[in-house]
Amino acid sequence: MATSALRLQQLYNRKQNYALSLRELFRPLAMRASCQLLTVFVLVGLVCELDYLQAAEYILDDSGQLIEMPLLAAEGPHTSTILVDIDGDNCDFYEDDWCQRYGGNSSCISFPSKQCWPRWFASASGLVMTRSLPDGANSTGPGGLVVSTRSASASWPGGVDLRLGRWFGDRQEHAVELIYWGVYNIGSSAQQQTGATNGVLSRSDTINNIEINWLYAPQTRPEFHQGNQRVNWMWLAGFRFFQLEDELILDVPSNLELQTTTNNNLFGGQFGGRFDWEIAPKMRFVIVPKFLLAGNASSTRAIESGAISADVRSVLDVFSWLGSVDTSLAWDITERWSVWLGYRVVGVGNIAQADGQWPSNLPAPAASLEGIETGSQSIVHGAFAGFESRY
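In this text, all values refer to a predicted model and were calculated from it rather than measured experimentally. (Residues numbered from 1 in each chain as written. Predicted model: local features only at pLDDT ≥ 70, side-chain atom pairs only at ≥ 80, totals over all residues. Heavy atoms only, no water.)

Asks: Could you give an account of the pairing of strand β17 (residues 376–390), naming the residues involved and the relevant values?
Replies: Taken together, the 11 bridges between strand β5 (residues 120–131) and β17 define a ladder with antiparallel strand orientation. Bridging across to β17, Gly-126 finds its partner in Ala-385. Sheet analysis places strand β16 (residues 337–351) next to β17, joined by 14 bridges and oriented antiparallel. When the bridges of β17 are listed, Trp-340 appears paired with Gly-386. (Pairing = 2+ DSSP bridges. Helix = DSSP H or I, 4+ residues; strand = E, 2+ residues; numbered from the N terminus.)

Structure follows, in structure tokens:
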């Protein structure tokens, strides 16, 4: 009985040792198999990722089917283009450097053959403007004729506003623009009569403006209405030339003719900005303020004929100032065309005007026509309407 029990105990111990041996044998095999399986999964993941990245670049073939292409694809024998993305929802013109740099259409699909935004811009507007006049001067002429320069008022003639510019850089944040606008023949004629003596007083004013500006748009180009940016600000700095020439002519038949002309030539550096507010789809409210502290090469010339003949010219260099504000409502019809309607106000100070040079007695001796008086102001204002093309 004891012998049988001993044999059973030995058999049990042998099975236990055999089980331990199998466990020690399969443990490293299991660990090796796990490592190999993990390696396989990693390799498969890398292969899938590479395939996904390669498949993310597509173009449209001639049949309209999406086909895989390399990043750089040739359009023709001499041109090439960069493919940006095929998902229009994920292509943001303002945040995607690829789209900004290499161009694309509104969905960034197919061959982007141009910049995201047109670089060149040109505009033309018509102007209807007038200006404020000084208090005027009174004089007594031949035969007791009383003349008032205030009687020759300022009219509302037409003018033109032209602009040409170009954006530079990968993100088109910088631009240079050239501006010219002018208004011609601001004035009218008024009959002057005292008793039997009569004459005609005429006024004719001319305004010319030339600007070369640098623009900096740190945010976006508001005329394209892309993204969620509804309010935008641009900085502006440059050179400006502004001319205000006014002329008074008194004609008293068979007695006297007096012509007084003053010319103000303001020039210097200006700064300002442009504020755009998208008030509705494709509609913008725009404000463009500018300020100029300028040198003014002012001059006056008086020509008199009749009982006294004189031709006197005087010059004076002073500092003058100019501030202007354009307020408009713009409608961006397409990405390439806009139209607008607005109002312009230009204030200019410390200038010479013909009314200030007018003599108090006529005919006037040459000595009374000499010299030039500055220190007056004028506000030029009026409406404008026009269009802009971008290409």
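Moving on, there is more to tell.
Asks: Which residues make up the pairing of strand β9 (residues 174–186), and what values go with them?
Replies: Bridge count between strand β8 (residues 158–168) and β9: 10 bridges; the pairing is antiparallel. By the bridge assignment, Phe-168 is partnered in β9 with His-174. Once β8 ends, the chain turns through 5 residues before running back antiparallel as β9, passing Gly-169 with a positive phi of about 95°.

Asks: I'd like a description of the environment of Ile-279, backed by residues and values.
Replies: Within the fold, Ile-279 resides in strand β13 (residues 256–280). According to the relative accessible area criterion, Ile-279 is partly exposed, its value standing at 36%. As a C-alpha pair, Ile-279 and Val-231 span 48 residues in sequence and 9.2 Å in three-dimensional space. Among residues more than four places away in sequence, those in contact with Ile-279 are Arg-230, Phe-285 and Leu-329. (Buried < 20%, exposed > 50% of the residue type's maximum accessible area, 1.4 Å probe, protein only. Contact = heavy atoms within 4.5 Å.)

Asks: Summarise the packing of aromatic side chains; cite the residues concerned and give the values.
Replies: Throughout the structure, instances matching the rule amount to 8 aromatic pairs. For the ring pair Trp-120 and Tyr-391, a centre distance of 6.5 Å and an interplane angle of 5° mean the geometry is stacked. With Trp-120 in strand β5 and Tyr-391 in the segment after β17, the pair connects residues that are 271 residues apart, well separated along the chain. The cationic tip of Arg-344 hangs over the ring face of Trp-181; the distance from NZ or CZ to the ring centre is 4.8 Å. The residue whose ring lies beneath Arg-344 is Phe-384, and the NZ or CZ to ring-centre distance is 5.3 Å. (Phe/Tyr/Trp six-rings, centres within 6.5 Å; stacked < 30°, edge-to-face > 60°. Lys NZ or Arg CZ within 6 Å of the ring centre and 35° of its normal.)

Asks: Break down unusual backbone geometry for me, citing the residues and quoting the values.
Replies: Of note, the bond from Leu-362 into Pro-363 is cis; its omega dihedral lies within 30 degrees of zero at -5°. Within the element layout of this structure, Pro-363 appears in the loop between α3 (354–357) and α4 (366–369). The backbone of Asn-185 sits at a positive phi, close to 60°, despite the residue not being glycine. Take Asn-185: it is sitting in strand β9. Assessed through its relative accessible area of 48%, Asn-185 is described here as partly exposed. With a phi angle near 60°, Asn-350 is a residue other than glycine that sits in the positive phi range. Here Asn-350 is to be found in strand β16. The class of Asn-350 is partly exposed, set by a relative accessible area of 24%.

Asks: Run through the environment of Val-128, naming residues and quoting values.
Replies: Mapped onto the elements, Val-128 comes out in strand β5. The exposure class of Val-128 is partly exposed, given its relative accessible area of 41%. Sequence separation between Val-128 and Ala-385 is 257 residues, and the spatial gap between their C-alpha atoms is 9.2 Å. Apart from the residues within four sequence positions on either side, Val-128 is in contact with Trp-156, Pro-157, His-381, Gly-382 and Ala-383.

Scope: geometric values only; no functional claims are made or implied.
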